[in-house]
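# Examining the three-dimensional arrangement
Listed below, chain by chain, are the residues.
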Amino acid sequence: MALAISRKLSMIAIQLVACSLWLAACGQSNTDTKFQQYYVQGEQLYLKNCSNCHQKKGGGLGRIYPPLNKSDYMDQHFDEVICAMKNGMEGELIVNGKKYNKQMKGIPSLTELEIAEIATYIYNSWTHTRGLVEIQTVTAALQKCPE
Ligand code: HEC
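Residues numbered from 1 in each chain as written. Predicted model: local features only at pLDDT ≥ 70, side-chain atom pairs only at ≥ 80, totals over all residues. Heavy atoms only, no water.

### Quick notes on the nonpolar core
What counts here: To form a nonpolar core, buried Ala, Val, Leu, Ile, Met, Phe, Trp, Tyr and Cys residues must be joined to one another through side-chain atoms within 4.5 Å. Only protein chains enter the accessibility calculation, which uses a 1.4 Å probe; a residue whose area is less than 20% of its type maximum is buried, one above 50% is exposed, and one in between is partly exposed. Labels follow the DSSP assignment, with helices taken as runs of H or I lasting at least four residues and strands as runs of E lasting at least two, numbered in each case from the N terminus. Residue contacts are defined here by distance: any two heavy atoms, one from each residue, within 4.5 Å place the two residues in contact.
Core analysis: the largest hydrophobic core is formed by 29 residues, its most contacted members being Ile82, Met85 and Ile122. Looking at this core, the elements with two or more residues in it are helix H3 (31–49), helix H5 (72–76), helix H6 (78–87), strand E1 (93–95), helix H7 (112–122) and helix H8 (135–143). Considering every element that reaches this core, the biggest residue donor is H7, with six residues. Setting aside chain neighbours within four positions, we find Ile122 in contact with Tyr46, Leu68, Met74, Val81, Met85 and His128.

### A few points about unusual backbone geometry
Of note, Gln55 is a non-glycine position whose phi angle comes to about 75°, a positive value. With respect to the helices and strands, the residue Gln55 is situated in the loop between helix H4 (51–54) and H5. For Gln55, a relative accessible area of 27% gives the class partly exposed. Its identity is not glycine, yet Trp126 carries a phi of approximately 60°, on the positive side.

### What about the packing of aromatic side chains?
Stated formally: Only rings of Phe, Tyr and Trp enter the pairing, Trp through its six-membered ring, and a pair is recorded when the two centres are within 6.5 Å. The plane angle decides the type: under 30 degrees is stacked, over 60 is edge-to-face, the rest tilted. As a reminder, the over-ring test applies to NZ of lysine and CZ of arginine, requiring each to be within 6 Å of the ring centre and within 35 degrees of the ring normal.
Taken as a whole, this structure holds six aromatic pairs when the rule is applied. Between Tyr46 and Tyr121 the ring centres are 5.5 Å apart and the planes differ by 45°, which places this aromatic pair in the tilted class. Here Tyr121 lies in helix H7 and Tyr46 lies in helix H3, a separation of 75 residues in the sequence. For Tyr121, a relative accessible area of 5% gives the class buried. The rings of Phe35, Tyr39, Tyr46, Tyr121 and Trp126 are connected pair by pair, giving a single aromatic cluster. Against the face of Phe78 rests Arg130, its NZ or CZ located 3.8 Å from the ring centre.

So this is what it looks like as structure tokens:
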């Protein structure tokens with residue numbers, strides 16, 4: 001009995017390892033695999049496009065660049081954050097009770113997939129635990145961006 005269970009557990013373990021080694025074999029239906037892919041890609045894109053200002057660990061920079069590691073703004077304004085990546089944002093903003101007011105330029109060349117990956121990364125790092133951000137969610141948010 002115990003042997004059968006431990007055999008079953010080791011089969012599951014082998015499948016998990018196989019899954020992470022051959023991502024393609026597991027396909028898109030595996031949400032965990034997809035989450036990992038988005039997260040890893042998102043981290044690279046974050047380091048390339050965002051960390052100059054918001055810093056590697058999302059701490060921001062003084063009163064100039066607001067933090068992402070802990071941000072009540074991010075939690076409450078998901079759609080606006082998606083729009084900001086593509087179109088930028090400006091005007092006064094309050095993050096964790098502190099005022100910021102400096103323009104952030106958008107990156108119009110980011111694809112919806114790339115935005116979903118960055119969002120999956122920033123919304124599941126540091127203090128955030130939102131879970132996978134799907135492309136369809138990004139598409140829907142972008143349709144509501146202010147002109
Ligand atoms: C050139 C510097 C710069 C870059 C690069 C940049 N931002 Fe920003 N970001 C800002 C500034 C400045 C603000 C505040 C805008 C305002 O005052 O209206 C901001 C605001 C934000 C906010 C909302 C405030 C908060 O802290 O929650 C989020 C989220 C955000 N940026 C995410 C990103 C992401 C993701 C990227 C990369 C795709 C990025 N930013 C790239 C400067 C930058």
